[in-house]
Amino acid sequence: MIQARVIGKVWSSRRVESLPRGALLEVETEGGAKMIAFDPLGCDAGEAVLVTQGSVAAGYFAGRAVPVDALIIGSIDEDK
Amino acid sequence: MIQARVIGKVWSSRRVESLPRGALLEVETEGGAKMIAFDPLGCDAGEAVLVTQGSVAAGYFAGRAVPVDALIIGSIDEDK
Amino acid sequence: MIQARVIGKVWSSRRVESLPRGALLEVETEGGAKMIAFDPLGCDAGEAVLVTQGSVAAGYFAGRAVPVDALIIGSIDEDK
Amino acid sequence: MIQARVIGKVWSSRRVESLPRGALLEVETEGGAKMIAFDPLGCDAGEAVLVTQGSVAAGYFAGRAVPVDALIIGSIDEDK
Amino acid sequence: MIQARVIGKVWSSRRVESLPRGALLEVETEGGAKMIAFDPLGCDAGEAVLVTQGSVAAGYFAGRAVPVDALIIGSIDEDK
């Protein structure tokens, strides 16, 4: 998994039908790489998150073939 | 997923039979990486798109073993 | 697999239910890349470990669809 | 998929049995990355090709578990 | 697949049970990236090898869920 920070959100009105409704968040890794991850947890901008990638991300959507290759699986606890 | 922009199109007349007919678009990520993605949505040059990669891209073609590892799953809404 | 060193640990209280309870260690590769790996072995900070990635990492959790894409599969013997 | 150019060929006499007989071509991407791809199409040196990677490459060999993670799926049409 | 050269070996006494017994070789690509690959062929230090990655590497171990994501599938013939 990678540790990343939520930096934005994207909307896609025209999309394939198998893409589930839900938040598509833009996240940035410590190294500066950016990606779009599906967020089932309702994360906020600035939040540190744990992102899983590849087919295991799609496996979260049991019983459906979902074209999601990046999924937020946790919010990382931060001492603030 | 990654956010990318459509920058071109490639044609392949000599191809394996299991590659579906359809547009093969060249896309470029913000970081400058280029790849070829299968486009089921009819995207245009210059359009911002969401690309999924790996085996979940092939999973879009239900019931067939398709050698597609990058798929455009959405057009990203842009305020213009 | 990649060779990496344990450099820390992350906690995630708010997480998807399918993420197993267990240690989530931050590891760093020789090249300086950082990632979070699930640790079934109880590794310590500073320990050299072998990390497997992708769907085979999730395959460790037999019979469950687990969103884990990086798993520590061994502690590397070091002459000290 | 990635766009690459055929730059050579490798031979491997001592190999695992599950690796199919066929050409193993060295290809180079625009970015300069090199990889070895299985070629079912009989491509020539210098030819521009489309390469798919990961488990979908192995899926081309129906009914067999084949350790191929890069496959040439098309020759790219070039105006010459 | 990638072309790499064997540069060493690692031992792991404390390991998950599903990791098969066998040589774990350190290999280096032309680009300088290093990884650990399972070696079913008995390769030597300095030998040029072909490495496959991802779930197809694990597929080599038929009937078992093995956490191996890099496998040496051939020794590359070199004119010496």
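Whatever comes next refers back to the structure up there.
Residues numbered from 1 in each chain as written. Chains lettered and ligands numbered in written order. Predicted model: local features only at pLDDT ≥ 70, side-chain atom pairs only at ≥ 80, totals over all residues. Heavy atoms only, no water.

### Focus: the layout of surface pockets
Unoccupied space between atoms shows up once a probe the size of one water molecule is rolled over them. Here the second largest pocket defines a volume of roughly 170 Å³. What lines the second largest pocket is simply I2(A), Q3(A), T29(A), E30(A), G31(A), A33(A), M35(A), E26(C), G32(C), K34(C), M35(C) and I36(C). Looking at the lining of the second largest pocket, the elements that each hand over two or more residues are strand 1 (2-10) of chain A together with strand 4 (34-39) of chain C. Counting residues per element, the lining of the second largest pocket draws most heavily on strand 4 of chain C, which supplies three residues. Partitioning the lining of the second largest pocket into residue classes produces five nonpolar, four polar and three charged. (1 Å grid on protein atoms, 1.4 Å probe; cavity = no way out; pocket = protein on both sides within 12 Å on 5 of 7 lines; lining within 4 Å. Points joined across faces, edges and corners; volume = space filled by probe spheres on them. Helix = DSSP H or I, 4+ residues; strand = E, 2+ residues; numbered from the N terminus. Nonpolar A, V, L, I, M, F, W, Y, C, P; charged D, E, K, R; others polar.)

### Brief notes about the relation of the copies chain A and chain B
Put simply, the second copy of the chain is the first one after a rotation about an axis and a shift along it. When chain A is fitted onto chain B, the two copies agree to an RMSD of 0.0 Å after a turn of 72° and an axial shift of 0.0 Å. Both copies are brought into coincidence by an operation consistent with a five-fold rotation axis. An overlap of only 4% is found between the interface residues of chain A and their copies at the interface of chain B, pointing to separate contact surfaces. (Least-squares fit on C-alpha atoms with pLDDT ≥ 70 in both. Contact = heavy atoms within 4.5 Å.)

### A word on the interface of chain C and chain A
Facing the 25 residues of chain C at the interface are 23 residues of chain A. For the pair chain C and chain A, the summed buried area comes to about 1,700 Å², and 55% of that belongs to carbon and sulfur atoms. Sorting the residues of chain C by area buried against chain A places R14(C), V16(C) and D69(C) first, and these three jointly supply 35% of that buried surface. Across the chain C-chain A interface, the total number found is one salt bridge. With a closest N to O distance of 2.3 Å, R14(C) and E47(A) form a salt bridge. Along the contact surface separating chain C from chain A lie twelve residue pairs in polar contact (both at pLDDT 80 or more). Put simply, the parts of the chain that give the side of chain C that touches chain A at least two residues each are strand 2 (14-15), strand 3 (23-29), strand 4 and helix 1 (55-58) of chain C. (Buried area = accessible area lost by both parts, 1.4 Å probe. Salt bridge = Lys/Arg side-chain N within 4 Å of Asp/Glu carboxyl O. Polar contact = N/O pair within 3.5 Å; in protein donor to acceptor, adjacent residues only side chain to side chain.)

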